[in-house]
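Listed here are the chains, written in short residue letters.
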Amino acid sequence: MSPETVTPAASPAAPGRGDRSRARARAARHHTYLVYGTRVLLLVGLIGLWEGLARAAVIDPFNFSMPSKIWDQAVQWALHGTPQGSLWEQVWYTLYEALLGWVIGVFGGVVLGITLGRIRFLADVLGPYIKVLNALPRIVLAPIFLIWFGLGPASKVASAVVLVFFPVFFNAFQGAREVDRNLVANSRILGASNRQVTFQVVIPSATSWIFTSLHVSFGFALIGAIVGEYIGATKGLGLLVAASQGTFNASGVYAAMLILAVVALLAEGLLAFLERRLFRWKPADAGDGR
């Protein structure tokens, strides 16, 4: 008689890769909801505390205002305009100055940073001068630019440029210096010229460094434009802050700061979106999925 065929006992099905992926996705969504929910609760709590302390006169509402009055001031400006004209015209004027200064500062910082990162002789010659200029308190240059270029947008653009240039320059310079030397050597072995190495190896490798500085530098561009407008201008959010301060309108000062914060957050969101689109090839952070 032939031996009976033994059927192995069915083992419990192990979770598949798809199940693990769905579990990680659910955990990531839960974490995201938790983070955003906590942020909203924190913001609501702070605003509520501010409103309550001001209404109870624990803090002086004349000096500190209160969120409800700040919101009313912003709505009034949006619907009926400001003493300097339409609110949207003031926003656009400041945004135009900041954007133009940001573009010029980023372009100059990237070009000079990559150039000095690639040519050591130039870095040795110009390095001390750049360090000295970087050590200057650049905000105090705004009055000088006002004397040079007048009350128009040129003086605000110049203030934005000097604030943007240095963080972008140092990141581009460091990115060019941190390129994998083996990658450069292999490119040269394959016959790449200096120009090809720069444009096809160095600049792509330094892009992550450059984008890191872009997140900070646009905020600096807004600061440069606002400070220039605050000192002297015919339009802009900085002028709105100065006019509100001159009339002891604390709500107006805070409302202008609120509008500026919204503009900065929108710009930061756009930069983050562009970075995700450009760097889709980068692996996720170690803490994103386990």
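The present account deals with the structure reproduced in this document. (Residues numbered from 1 in each chain as written. Predicted model: local features only at pLDDT ≥ 70, side-chain atom pairs only at ≥ 80, totals over all residues. Heavy atoms only, no water.)

As a further point, take a nonpolar patch on the surface. Where nonpolar side chains cluster on the molecular surface, the patch consists of Trp71, Val75, Leu79, Leu258, Val262 and Leu266 and spans about 610 Å² of accessible area. Note on placement: tryptophan 71 falls in helix α3 (residues 67–80). (Patch = residues over 30% accessible without salt bridge, like charges linked within 9 Å, V, L, I, M, F, W, Y side chains within 5 Å. Areas by Shrake-Rupley, 256 points an atom, 1.4 Å probe, with all protein chains shown as cover. Salt bridge = Lys/Arg side-chain N within 4 Å of Asp/Glu carboxyl O. Helix = DSSP H or I, 4+ residues; strand = E, 2+ residues; numbered from the N terminus.)

Phi is positive for alanine 57, which is not a glycine, with a value near 65 degrees. By secondary structure assignment, the location of alanine 57 is in the loop between α1 (17–55) and α2 (61–64). Phi at phenylalanine 248 is positive, roughly 55 degrees, even though this residue is not glycine. Mapping phenylalanine 248 onto the fold places it in the loop between α10 (237–246) and α11 (250–278). Note on phenylalanine 248: relative accessible area 62%, which makes it exposed. (Buried < 20%, exposed > 50% of the residue type's maximum accessible area, 1.4 Å probe, protein only.)

Attention now moves to the environment of tryptophan 209. Along the chain, tryptophan 209 falls in helix α9 (residues 194–231). In this structure, the C-alpha to C-alpha distance between tryptophan 209 and valine 168, residues 41 residues apart in sequence, is 8.7 Å. For tryptophan 209, the contacting residues outside a window of four places in its chain are Asn171, Gln174, Gly175 and Glu178. (Contact = heavy atoms within 4.5 Å.)

Another aspect to go through is the packing of helix α4 (residues 87–118) against helix α5 (residues 120–135). Direction vectors running N to C along α4 and α5 enclose 125 degrees, while the axes themselves pass 6 Å from each other. Classified by the angle between their axes, α4 and α5 sit oblique to one another. Taken together, the residues of α5 that come into contact with α4 (itself represented by Leu112, Thr115, Leu116 and Arg118) are Arg120, Leu122, Ala123, Leu126 and Ile130. When the residues that make up the contact of α4 with α5 are grouped by side-chain class, the tally is 6 nonpolar, 1 polar and 2 charged. (Axes fitted to C-alpha atoms, helices over the stretch in contact; angles between N-to-C directions. Parallel < 35°, antiparallel > 145°, perpendicular 65-115°, else oblique. Nonpolar A, V, L, I, M, F, W, Y, C, P; charged D, E, K, R; others polar.)

Here the focus is the nonpolar core. In this structure, Trp102, Val106, Val164, Leu214, Phe218 and Ala221 are the most contacted members of the largest nonpolar core, which totals 21 residues. Listing elements by their share of this core, those giving two or more residues are α4, α7 (153–177), α9 and α11. The greatest single-element share of this core, amounting to 9 residues, is contributed by α9. Beyond its immediate chain neighbours, meaning those up to four positions away, phenylalanine 218 contacts Leu95, Leu99, Trp102, Ala267 and Leu271. Judged by nonpolar contacts, the second largest core, of 14 residues, contains Trp77, Val91, Leu237 and Ala255. (Core = buried A, V, L, I, M, F, W, Y, C linked by side-chain atoms within 4.5 Å.)

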